[in-house]
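Examination of the molecular architecture
Residue strings, one per chain:
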Amino acid sequence: MSTTEQRRLNGHLRVRTDWDHYFLNIARETASRSNCVRRQHGAVIVKNRRIRSTGYNGPPSGHPHCDEGACPRARSESPSGWGYDACIAIHAEANAILYSSPEERERASLYVTGVPCFTCAKLIANSGIAEVVATGEPYEGWESVRGFLMDCNVRVRLIQ
């Protein structure tokens, strides 16, 4: 599927973004709210082409922000994979799930700016979400996470 539709309107060629890219663009804009100094991710839960919830990665409400030096990973000079368990951030997917009701998630699609980690995949699988549409580079081990989601009857599409 292309990223655009072309239609004639009053004799002029009009180009429209397709639904997948439209919602991924909104997820990218949502990611701009993140205060993580390593990565900014955004997620959008969509049902029947209506946005039900958004989320971005960051610390729990009331906790000092990562960009204020509150995150042990942010203070580290180590590679980005270091100290994952020490990260204080809640991932974008988890925040979007937290800020939606079960009815809003049932048979919905989750658009996310990076492929989900295994922890988020478990939340997604148990949330009622039917589809994950992600963009970004897959990490080592992504195929097993993708397989897990598919085993849980969650459709997975990676769009570049």
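Here's what I pulled together on the structure shown here. (Residues numbered from 1 in each chain as written. Predicted model: local features only at pLDDT ≥ 70, side-chain atom pairs only at ≥ 80, totals over all residues. Heavy atoms only, no water.)

Another point: the pairing of strand β7 (residues 155-158). Direction of pairing for strand β6 (residues 131-134) relative to β7: parallel, over a ladder of 4 bridges. From the neighbouring strand, A134 faces β7, where its bridge partner is L158. Taking the sense of rotation as the criterion, the β-α-β connection linking β6, helix α6 (residues 142-151) and β7 turns out right-handed. (Pairing = 2+ DSSP bridges. Helix = DSSP H or I, 4+ residues; strand = E, 2+ residues; numbered from the N terminus. Right-handed = clockwise from strand over helix to strand, strands pointing away.)

Here we come to the sheet that holds strand β4 (residues 50-56). With mixed pairing, the 5 strands of this open sheet are ordered in space as β4-β3-β5-β6-β7. Both edges of this open sheet fall to β4 and β7, since each of them pairs with a single strand only. The mean inter-strand angle of the sheet, taken between neighbouring strand axes irrespective of direction, is 15°. As defined by bridge partners, strand β5 (residues 109-112) adjoins β6 across 4 bridges and the pair is classed as parallel. From the neighbouring strand, S109 faces β6, where its bridge partner is E131. Sitting on the sheet, helix α1 (residues 19-31) is in contact with β3 (42-47), β4, β5, β6 and β7, with an inclination near 140° to β3. (Axes fitted to C-alpha atoms, helices over the stretch in contact; angles between N-to-C directions. Contact = heavy atoms within 4.5 Å.)

Proteins that are soluble and globular tend to have nonpolar side chains buried together. Among the nonpolar cores identified, the biggest contains 19 residues, and A43, I45, L110, I124, I129, V132 and L149 are the most heavily contacted of them. For this core, the secondary structure elements donating two or more residues are β3, α3 (92-98), β5, α5 (118-127), β6 and α6. Those residues in contact with L110, other than ones at most four positions away along the chain, are A43, V44, I45, E93, A96, I124, I129, E131, V132 and V133. Within the second largest apolar cluster, 8 residues are counted, among which are V44, V46, V133 and I159. (Core = buried A, V, L, I, M, F, W, Y, C linked by side-chain atoms within 4.5 Å. Buried < 20%, exposed > 50% of the residue type's maximum accessible area, 1.4 Å probe, protein only.)

Every buried residue of α5 is accounted for by C120, A121, I124 and S127. Seen along its axis, α5 keeps its buried residues to an arc of 130°; they face one direction. Against α3, α4 (102-105), β5, β6 and α6 lie the buried residues of α5. (Arc of directions from axis to C-beta.)

What follows concerns the pattern of salt bridges. Tallied over the entire structure, the rule returns 3 salt bridges. Between R157 and E131 there is a salt bridge, and its shortest N-O distance comes to 2.7 Å. Remark: E131 occurs in strand β6 and R157 occurs in strand β7; sequence separation between them is 26 residues. Through salt bridges with shared partners, a single ionic network connects D20, E131, R155 and R157. (Salt bridge = Lys/Arg side-chain N within 4 Å of Asp/Glu carboxyl O.)

Bringing unusual backbone geometry into the picture now. Even without a glycine there, the phi angle at N48 is positive, about 55°. Along the chain, the position of N48 falls in the loop between β3 and β4. Of the residues examined, N48 reaches a relative accessible area of 62% and is grouped as exposed. At R49, a residue that is not glycine, the phi angle is positive and equals roughly 60°. By the secondary structure assignment, R49 is in the loop between β3 and β4.

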